[in-house]
Amino acid sequence: RGSGEGQVRVLFTRGSHTVQSMQELATVVRSITEIRQGFTFNPLKAAILRGTPDQVAMAEWVYEQLDGQPSGPEFRPAGSADDVVRVFFLTPARTLAELQQNAAVIRKTAMIRRMFLYNPGPALAARGTPDQIAVAEQMLNDAQLLRR
């Protein structure tokens, strides 16, 4: 194909996910990683993703974070010094509307192009420069939205 998007990975969830939460999980992963081809297979609670090796590695990391299997505080794509992915776990006592509003303010203030709310977590997945991620983290701390 020439696009380099020939790597396929099947990711299985370990948590108890509904059809809706599986769709949300796959959407957040695809959006953060910019993977164009991805599908869920609900009977096996799996997602099938196709992308470049870097996209697939990033997708695995984000998927593990959101599925409750954290494997480190951040992901840095290979060969990129200015690209960081973080998943922030949020306090569950907030309403969805409040979380969405806060996420929009943080996205705009920190100028983060790729930031997505994962409602079942609740969690906020963000991808940007180290400085943008630091601003987002500070704003989440200031708003007392980070789960301790």
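Owing to the predicted nature of the structure, the values given are computational and were not obtained by experimental measurement. (Residues numbered from 1 in each chain as written. Predicted model: local features only at pLDDT ≥ 70, side-chain atom pairs only at ≥ 80, totals over all residues. Heavy atoms only, no water.)

### A look at the sheet that holds strand S2 (residues 37-41)
- Read across the sheet, three strands follow the order S1-S3-S2 without closing on themselves; strand pairing throughout is antiparallel. Taken across any chain shown, the strands that pair with only one partner, and hence form the sheet edges, are strand S1 (7-12) and S2. Neighbour to neighbour, the strand axes of the sheet diverge by 15 degrees on average, direction disregarded.
- Bridge count for S1 against strand S3 (residues 46-51) is six bridges, and the pairing is antiparallel. Bridge assignment links Leu11 to a residue of S3, and that residue is Ala47.
- Packing of helix H1 (residues 19-33) onto the sheet brings it into contact with S2 and S3, and relative to S2 it is tilted by some 165 degrees.
- Lying on the sheet, helix H2 (residues 53-66) is in contact with S1 and S3; it crosses S1 at an angle near 5 degrees. (Pairing = 2+ DSSP bridges. Helix = DSSP H or I, 4+ residues; strand = E, 2+ residues; numbered from the N terminus. Axes fitted to C-alpha atoms, helices over the stretch in contact; angles between N-to-C directions. Contact = heavy atoms within 4.5 Å.)

### Here we look at empty space enclosed by the protein
- Scanning all chains against the criterion turns up one cavity of 30 Å³ or more.
- When its volume is computed, the largest cavity comes out at roughly 30 Å³.
- Take the lining of the largest cavity: its biggest share by element is four residues, from helix H3 (residues 96-110).
- Along the lines of polarity and charge, the residues of the lining of the largest cavity split into seven nonpolar, one polar and no charged. (1 Å grid on protein atoms, 1.4 Å probe; cavity = no way out; pocket = protein on both sides within 12 Å on 5 of 7 lines; lining within 4 Å. Points joined across faces, edges and corners; volume = space filled by probe spheres on them. Nonpolar A, V, L, I, M, F, W, Y, C, P; charged D, E, K, R; others polar.)

Everything listed here is a matter of geometry and, on its own, says nothing about what the molecule does.
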